[in-house]
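Letter by letter, the chains look like this.
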Amino acid sequence: MLKHNLRCLLCLVVLSGWLASVALGGDRTGTAVENWPQWRGPLGIGIAPEGDPPLVWNEADGTNIRWKTEIPGRGHSTPIVWGDRIFLTAAIPFGAPLPPRPSTAAGNHDNLPVTHRQKFVALAVSRSSGKILWQQTLREALPQEQGHYTASLASNSPVTDGEHLFAFFGSFGLYCLDINGRLVWKADFGPMKSLHGHGDGSSPALYQGTLIVNWDHEGDSFLVALDKRTGKERWKVRRNEVTSWATPLIIEHAGKPQVIVSGTSRIRGYDLASGDVLWECGGLSSNIVASPVSGDGMVFAGSSYDMRALLAIRLDGAAGDITGTGQVAWSRSRGTPYVPSPLLYEGGLYFLTHYQGVLSRVDARTGEDRPGPFRLEGITNVYASPVAAAGRIYISDLLGNTVVVSSGDAPRILARNRLSESISASAAIAGKQLFLRGEKHLYCLEEGKK
């Protein structure tokens, strides 16, 4: 009973903080917390407080698979859920094949050649039937780089407030649509020069009327705030950063909204109203991919490219350069995440080693192993970030496997599931449904459906 009460208390703390900080406009079909309106869900930390998705599914006999819909083109963006609609983005090759053009980016490796022009599209899918309701082509272009062979040209996840959909394609533009697919406004920040030509990945973040875009690349990097209704720039600040793929996290602390962005040089907290840096902390590695998470007055950020680092930062009293100060509650230099972002759930911080099938759980307040790292049998390379609901954690890998793990100090594997295609996109949870996007199909998983 005590554990249950503590769990409920933590969820209420996190949830109340989120609802205070993100009053999504145009909520006609439900609240943000009942949906999955953005990358990493309603709280921005990978959990669905009101979700209760199935534990098991079986594609062979259809157990707990409500529907399976083919999605045109390719994309690794997360499915976004609001009401009875699921929104996705994709890049669709079209026209006659072109002579393969290899990557020309400095230091390129493992990149795909450019062979086709692409249509950059947003789609809406019926949550109840899986039918594609509309498909809107937002731009047609010939990419300068195809990106890493494991990436896609539609890896930036969209975000919605229930009234608008914001679809972001990095070098190929930012688009605001209404929920019926009609274009409201668009913005173009020019070509993004990603490290080694590996492609774009950071998703936009939304707070009330402000949309935030992180533009870290091998050129002039910046963070920009836009008016969500008009696309007009509210502020833009230069970032002394190279390429990163982390998505900004918007929180409210001490009654003040701030934007938290991980970077190679520093993780920083920005004032949402002005773009001023409130605090900054060094100590992460290069090639930042994992997005930060926050809860109960703390921020957690990790990386694992050329060195391993995980930082736990106290927000109370954080001001200026806090590197090496007591504001860093604890740090870690082993088993830290690279591609999948950490998960903050029920007092525990969960993270995968690099992108391998080794999961660690530590006490979020102290960094103490609870129980520390353990191997997820049957899980190999993981690009999708873990998600959680109803005391369960869902982790999917590139082979289509999804392992379900219990939360708490003694995690155990509850189920192993497999789909017939690779999973790179992070899952979405809304109510009793779990949405998994494979390389070709979108799956809706729900208990009792067959």
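One structure accompanies this document, and this report is about it. (Residues numbered from 1 in each chain as written. Predicted model: local features only at pLDDT ≥ 70, side-chain atom pairs only at ≥ 80, totals over all residues. Heavy atoms only, no water.)

1. With respect to the nonpolar core
For soluble globular proteins, nonpolar side chains are generally found buried alongside one another.
So, point 1. Counting 32 residues, the largest nonpolar core has Trp57, Ile86, Leu434, Phe435, Leu436 and Leu442 as the members making the most contacts within it.
So, point 2. Elements with a contribution of two residues or more to this core: strand S1 (65-70), strand S3 (85-94), strand S4 (117-126), strand S27 (387-389), strand S31 (428-430), strand S32 (433-437) and strand S33 (441-446).
So, point 3. Here Leu434 is in contact with Pro53, Pro54, Trp57, Tyr394, Ala427, Ala428, Ile429, Tyr443, Cys444 and Leu445, once residues within four sequence places are set aside. (Core = buried A, V, L, I, M, F, W, Y, C linked by side-chain atoms within 4.5 Å. Buried < 20%, exposed > 50% of the residue type's maximum accessible area, 1.4 Å probe, protein only. Helix = DSSP H or I, 4+ residues; strand = E, 2+ residues; numbered from the N terminus. Contact = heavy atoms within 4.5 Å.)

2. Observations regarding the sheet that holds strand S28 (residues 392-396)
So, point 1. Within the open sheet, the four strands sit side by side as S27-S28-S29-S30. Their pairing is antiparallel. This sheet does not close on itself; its edge strands, each paired only once, are S27 and strand S30 (413-418). The mean inter-strand angle of the sheet, taken between neighbouring strand axes irrespective of direction, is 20°.
So, point 2. Pairing analysis gives five bridges linking strand S29 (residues 401-406) to S30, with the strands arranged antiparallel. Bridged to Val405 within S30 is Ile413. (Pairing = 2+ DSSP bridges. Axes fitted to C-alpha atoms, helices over the stretch in contact; angles between N-to-C directions.)

3. Regarding the environment of Ala205
So, point 1. Relative to the elements of secondary structure, Ala205 occurs in strand S10 (residues 205-207).
So, point 2. In sequence terms Ala205 and Ser157 are 48 residues apart; their C-alpha atoms lie 9.7 Å from each other.
So, point 3. Leave out the neighbours within four places in its chain, and Ala205 touches Thr210, Leu211, Ile212, Pro248 and Ile250.

4. Topic: unusual backbone geometry
So, point 1. The amide bond that connects Arg370 to the next residue, Pro371, takes the cis arrangement and shows omega of 5°.
So, point 2. Take Pro371: it is sitting in strand S26 (residues 369-375).
So, point 3. Even without being a glycine, Gln208 presents a positive backbone phi close to 45°.
So, point 4. Residue placement: Gln208 occurs in the loop between S10 and strand S11 (210-215).
So, point 5. Look at Gln208 and you get partly exposed, because its relative accessible area is 32%.
So, point 6. In the Ramachandran plot, Ala254 falls in the positive-phi region, its phi being about 55° despite a non-glycine side chain.
So, point 7. With respect to the helices, strands and loops of the structure, Ala254 is situated in the loop between strand S14 (249-253) and strand S15 (256-261).

5. Some remarks on the pairing of strand S12 (residues 221-227)
So, point 1. Along S12, seven of the seven residues are buried, which leaves the element largely enclosed by surrounding structure.
So, point 2. Both faces of S12 are covered, namely the face carrying Ser221, Leu223, Ala225 and Asp227 and the face carrying Phe222, Val224 and Leu226.
So, point 3. One ladder, built from six bridges, connects S11 with S12; its direction is antiparallel. Counterpart to Asn214 in the pairing with S12 is Leu223.
So, point 4. Once S11 ends, the chain turns through five residues before running back antiparallel as S12.
So, point 5. The pairing of S12 with strand S13 (residues 233-239) spans six bridges and is classified as antiparallel. Within S13, the residue paired with Val224 across the bridge is Lys236.

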